[in-house]
Amino acid sequence: MPADDPRRYDPRLGDEDVAAVLEQSDHAHLPRPQKHVRIPDDPAHDADPSPDDDSNEKSRARAPKKPPEPWPKRLARLLPIDLSWIPPNLTYSKIKPVIRCAFVCFVSAILMVIPRVYNLMGQGSFLILISSFLDAPSDPFLAVLEREVIFITFVVMAWAWCCLGIFLAGLARVHTDYSAPMDAIQAGEFVEAAPTVILAVFVFLGSAFFLYIKARLGPGPYLFASIFACICVDISMTTAVLFPYPYYLVGQVIALPLAFHCGLSIIFSALIFPCTITAQYTHTLFNVFAPLDDFLALHRKVLTLDPSSEEFKATVKTLTATLGKSEGGLGQAAANARLLKQDIVYGRFQPSKIADLQPIHHEEHQHHEVHFSLLNLAHALSPLARVPTASSGETAVGVFESQRYMAIEATRLSHPDELDVTAHFVRLLHESCDELLETTQGAIKDVQGWFAEVRRGSFGGRARIEKARAARLAKLEALSQGVKDALQRFKKDKRHRVLDPYRSAFDPQHVRALSGIHEPPPHRYLFHCYMYQYHLIRFSSILTEVQLDAIIKMEKGYPKARLWRPGIPIRKMLEWSPWNPSEDMDRADDEDPDIIQGIQPEWNDDLGMTRRRDPDALPPSNAFQYVMHIIYEAATALGRGNALFALKAGMLTVILCIPSFLRASAAFAYRERFVWGIFMGQLTLARFRGDTTFGLVARIISTFMGGLVGTAMWYISTGSGQGNPYGLAAVVGVCAPFFFFWRLYWPVPPMTNIIFFVTAALVLGFSWQNTHTLLPFKFMGWQLAWRRFVLVVCGVTAAFLFSFLPPSTTLRKYQRKTMSTTVSELGAVYCSIVSFANTREHQEVARGEIVQSLVAIRLKLKRSLVLKTNIVYEFSLRGRWPSSRYQKILDLQLQIAYLLSHLMSVVEHLEPAWSRAFLRRTRFLDADFQGDVLAVISMISTALRTGNPLPQITPCPLLDRFMVHTHGLNVIRQEADDDYGLPRTMTIDTLENEQYLCFSVGVTTAFGIVLRLDKLMVATKELVGEQYHIHGIGVPELKSASPAPRPSKDV
């Protein structure tokens, strides 16, 4: 192309200038857009290539042959169940809690068969065996202590509540007889109407309260406590109704065996392979680092590959999966960190200091994620992600956005040498980054090794401990210095290799870097390379300046071991809120869609600086109005999700108790153990209909299979006899280690796992009890197992049918409400980050809250993936659930959350002048543009929550407004009023400036956020549809004089 050609590309200007020239030339004819939505991707998250791509066919033709599969794997694939989870869990650290739990189970069985002990525990002695499986003491001592204290407290509270109900029912009783024979009591001869109604009311209120706690607080230390409290209420009340006098000791039958269990769990968690929260936390962080070695090795490999090859794409997918394994441990680390300040441990390091390392790991991972999603420069230009066309019976949506984006693509996002330029930049990245990647990879191994040994060295000779500490400290300091040196070389020299293709634009005498390509590539290629380099720099900096330096400081500051006591008051130790993360929150099936665990409620005000108003009343102005406002809020709270569910579950419990409350059927219900069906139905009912249906299927299957296992264990232990204590103890002793290995590590839904082993324990324990107590229920072995199965089927079927009655909530609605909540939170965090960047001189927003909020949002979205699996149980006659559309919205929100994390990192490292220039270039200080962005976020959140359609014409595409001005490589537009002291004319020195690198990364990240908001709008329209059509809008018109642009307003 001649040098004087007006279409010659100048990288110092924007791609928009080329588009303007092309529009004036006779070569630019835009095709009429088709009616499907096309929105460009950027390299952060690229679209999958077309299956008929030529490069795909070439790579497929030479696909390497897979090595032969080992025979154990081939045999495992032939089995009806997946056993691949067993080898990874056969490690010493994971066998230790199995042995501890098995020992508790074995001792529980021994106590159950000792006559004096089971007579003391009473008719509920079998509960000690059941609770050993349901509430397994597999956690560190402090977590077990917390859980067991809450556990027995709730059971005693339930017993006290029952005693109050029994007392009031006794006052209403007409006939009181303390000498009534037991046969007459069990026959239901003393059931009266008035006491029964009072007991029914107490059953309703007690069940509703404990189930509200279960739903409100979700997974955590209150889960099993609320379950057993419900069981205590059910058994106590359905038994007390038979007695012609207040029988307060009925709750002792439940509370005493469970108290034995709590005592055993606490004692043996302190004696058998005791574990501290600190040890588990450091082990979790060790597992977080474990996949990162492979992750960085794959980085080095993929930079040597052709970006258009199939191997490149496959390696990128492997990178994503490898990083997912590492990030999966962060949720567990957050749950452990909650108890670290309460830990009692003897060692060198204070637990709270080790807890301070957690935010560092979150920040490392936010730089990891872009590390590789960005690298796919094969699609850096703008391959188009096509939204599927409308299904039959649906009208097309997003046509307006489609037309605008096709115009943007044709005029601004095109380059004739895309593949060659991309491949060249990948090679330049390899040349510049490989040394630093290699050094960082070695440092990761040593940091992981430190976490493996952090709890060692507290015991032993003083000289030996000091020698080991000195050697470890010297190794860490040398490691830190090595990474710092490599990082300094990278910053000062090696990272500038990616500037070679642009040097000719600033120095005509410079040798051209791209052979056969005579024009410098567009500025976006450099910006993408800078983005990769920035995240590599940040990761390496965090590893040295924060991670390694923090470890070295701890090594120097704590030379001697000592006993560390809890660092918080005792009264705060049992505090728990639904915003606290828990150990099982990634697998729980009961969760509140309006709560994001990990975001404290007061942060919403701090982050958003806004507050909701009551549209029907002004704020209270006097004491009376204030009191009435509190009463009103309490009354309206009963209409919210958790309260409605609790009231509904309480009503179901009362209905299931009716056979036990009627004189005609009370004896039969007591004799046939109807209470099993009562609490099985009570606990199967969930907030969402899909979870209830899943509970029906899982509990029926697990009960049947568990009944078979329990029956086999009973007959093995007793033969044809009436129960052999030695045989039962021997069977439990042999089976317990294997059972608890499956109980703790079997990768199935928790409900399926727990019900299976609880049923086996119940059949075994109740069969023993029936041979040694005077009960009307005299069944053992198979006769007991099938009766249990029938009662479970009845209970879960009742819960399933009851779930259809109003108020009925579906997981489909839950998904929409969850995504609405997360979109709203993402908008609040977006505003906080812009505020953070705009108030650098006087910070008003806490950085830590922003980072933790983004991590919490990502974890919430990922947990919704798990909860989504139960939607298949919500059958609908109206049509299939659009799972792919929900998945697209979820993926886009995850991408926005990651990009916001990256944006926060960038604005932290921009100097004030560069920060102002960044905000001006991205229009983040333009009130008109920000109004459009926030309107889009609000519209999407409202549409997802209500299901109402969106307007056909919206502020989208935002990208069109984002790119309204021409910049190119320049920092400041030539016509801008203020340059903030930054250069208006671009030079190679400016390009080499590290602040310019951060600036360009911020611009690219902002581009990615705006682009995904556009895609999120279209994806939401696909879900809810459009309304408010205006004929003629969006139709291409003849060229005319463009109106003067609306002047922007600065915030």
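Keep in mind it's a predicted model, so treat the numbers as computed, not measured.

### What about the packing of helix H27 (residues 674-684) against helix H28 (residues 689-718)?
- Between H27 and H28, whose axes approach to 9 Å, the crossing angle comes to 140°. Judged on the interaxial angle alone, H28 and H27 are oblique. Here Met680, Leu683 and Thr684 of H27 come into contact with H28, specifically with Thr692, Gly695, Leu696 and Arg699.
- For the contact of H27 with H28, the residue count by class is three nonpolar, three polar and one charged.

### Digging into the packing of helix H25 (residues 641-661) against helix H26 (residues 663-671)
- For the pair H25 and H26, interaxial distance at closest approach is 5 Å and the crossing angle is 100°. As far as their axial angle goes, H26 and H25 are roughly perpendicular. Facing H25, whose interface residues are Ile658, Pro659, Ser660 and Phe661, H26 presents Arg663, Ser665, Ala666 and Ala669.
- Broken down by class, the residue content of the contact of H25 with H26 amounts to five nonpolar, two polar and one charged.

### Observations concerning helix H11 (residues 223-240)
- Given a rise of 1.5 Å per residue, 18 residues ought to cover 26 Å, and the 26 Å separating the end C-alpha atoms of H11 matches this to within 8%.
- Where burial is concerned, most of H11 is hidden: 17 out of the 18 residues are buried.

### Some words on the environment of arginine 489
- If you trace the backbone, arginine 489 turns up in helix H20 (residues 462-492).
- Each C-alpha atom of the pair arginine 489 and leucine 436 lies 8.8 Å from the other, and the pair is 53 residues apart in sequence.
- Residue contacts for arginine 489: discarding those within four places in its chain leaves Glu435 and Lys494.

### Let's talk about the packing of aromatic side chains
- Inspection of the entire model under this criterion finds 45 aromatic pairs.
- Ring centres 5.0 Å apart and planes at 50° place the aromatic pair phenylalanine 151 and phenylalanine 228 in the tilted group. Of the two residues, phenylalanine 151 sits in helix H8 (residues 141-172) while phenylalanine 228 sits in helix H11, which places them 77 residues apart along the sequence. Of the two residues, phenylalanine 151 and phenylalanine 228, neither departs from the other in class, the shared state being buried.

### Comments concerning the pattern of salt bridges
- Counting across every chain of the model gives 25 salt bridges.
- Note that arginine 300 is salt-bridged to aspartate 434, the shortest N-O span being 3.0 Å. Here aspartate 434 lies in helix H19 (residues 418-453) and arginine 300 lies in helix H14 (residues 292-302), a separation of 134 residues in the sequence.
- Overall, aspartate 434 belongs to the buried group, its relative accessible area being 18%.

### Considerations on a nonpolar patch on the surface
- On the surface, Ile701, Phe704, Met705, Leu708, Tyr715, Trp782, Trp786 and Val790 cluster together to form a nonpolar patch covering roughly 730 Å² of accessible area.
- Contributing elements (two or more residues each) for the nonpolar patch: H28 and helix H31 (781-802).
- Among the elements that take part in the nonpolar patch, H28 stands out by supplying five residues, more than any other.
- Among the secondary structure elements, isoleucine 701 is positioned in helix H28.

### Digging into the environment of isoleucine 889
- Its place among the elements puts isoleucine 889 in helix H34 (residues 883-909).
- Taking the C-alpha atoms as reference, isoleucine 889 lies 9.8 Å from arginine 816; in sequence the two are 73 residues apart.
- Dropping the residues within four chain positions of it, isoleucine 889 is found in contact with Met819, Leu944, Leu1016, Ala1019, Thr1020 and Leu1023.

### Here we look at helix H36 (residues 927-946)
- The terminal C-alpha atoms of H36 lie 28 Å apart, and with 20 residues this matches the ideal 28 Å at 1.5 Å per residue to within 8%.
- Those residues of H36 lying buried are Asp928, Phe929, Gln930, Asp932, Val933, Val936, Ile937, Met939, Ile940, Ser941, Ala943 and Leu944.
- Of the residues flanking the end of H36, it is glycine 947, one or two places downstream, whose phi is positive at about 80°.

Parameters at a glance
- Sequence order as written defines residue numbering, which begins from 1 separately in each chain.
- With pLDDT at 70 or above as the cut-off, local features in this predicted model cover only qualifying residues; side-chain atom pairs require 80 or more to be listed or tallied, and sums for whole chains, interfaces and linings still use all residues.
- Think of the side-chain values as coming from all heavy atoms in the structure, minus any hydrogens and water.
- Here, axes are lines fitted to C-alpha atoms. For helices the fit covers the stretch in contact, and angles between N-to-C directions go from 0 to 180 degrees.
- Segments assigned H or I by DSSP are reported as helices when at least four residues long, segments assigned E as strands when at least two residues long, and all are numbered from the N terminus.
- Reported orientations rely on four angle classes, namely roughly parallel under 35 degrees, roughly antiparallel over 145, roughly perpendicular from 65 to 115, and oblique for the rest.
- Any two residues having at least one pair of non-hydrogen atoms within 4.5 Å are treated as being in contact.
- Three classes are used, and their members are as follows: Ala, Val, Leu, Ile, Met, Phe, Trp, Tyr, Cys and Pro are nonpolar, Asp, Glu, Lys and Arg are charged, and the others, Gly among them, are polar.
- Every helix has an expected span of 1.5 Å times one less than the residues it contains.
- Partly exposed describes any residue whose relative accessible area lies between the buried limit of under 20% and the exposed limit of over 50%, with all areas from a 1.4 Å probe on protein chains only and scaled to the type maximum.
- Ring geometry is summarised as follows: Phe, Tyr and Trp rings, the Trp one being its six-membered ring, pair when their centres sit within 6.5 Å, and such pairs are stacked at plane angles under 30 degrees, edge-to-face over 60 and tilted between the two.
- What counts as a salt bridge is simple: a side-chain nitrogen of Lys or Arg found within 4 Å of a carboxyl oxygen of Asp or Glu.
- For patch detection, residues must exceed 30% relative accessible area and be free of salt bridges, and they are connected within 9 Å for like charges or within 5 Å for nonpolar side chains (Val, Leu, Ile, Met, Phe, Trp, Tyr).
- For accessible areas, the Shrake-Rupley method is used with a probe of radius 1.4 Å. Any residue's cover is judged against the shown protein chains and nothing else.

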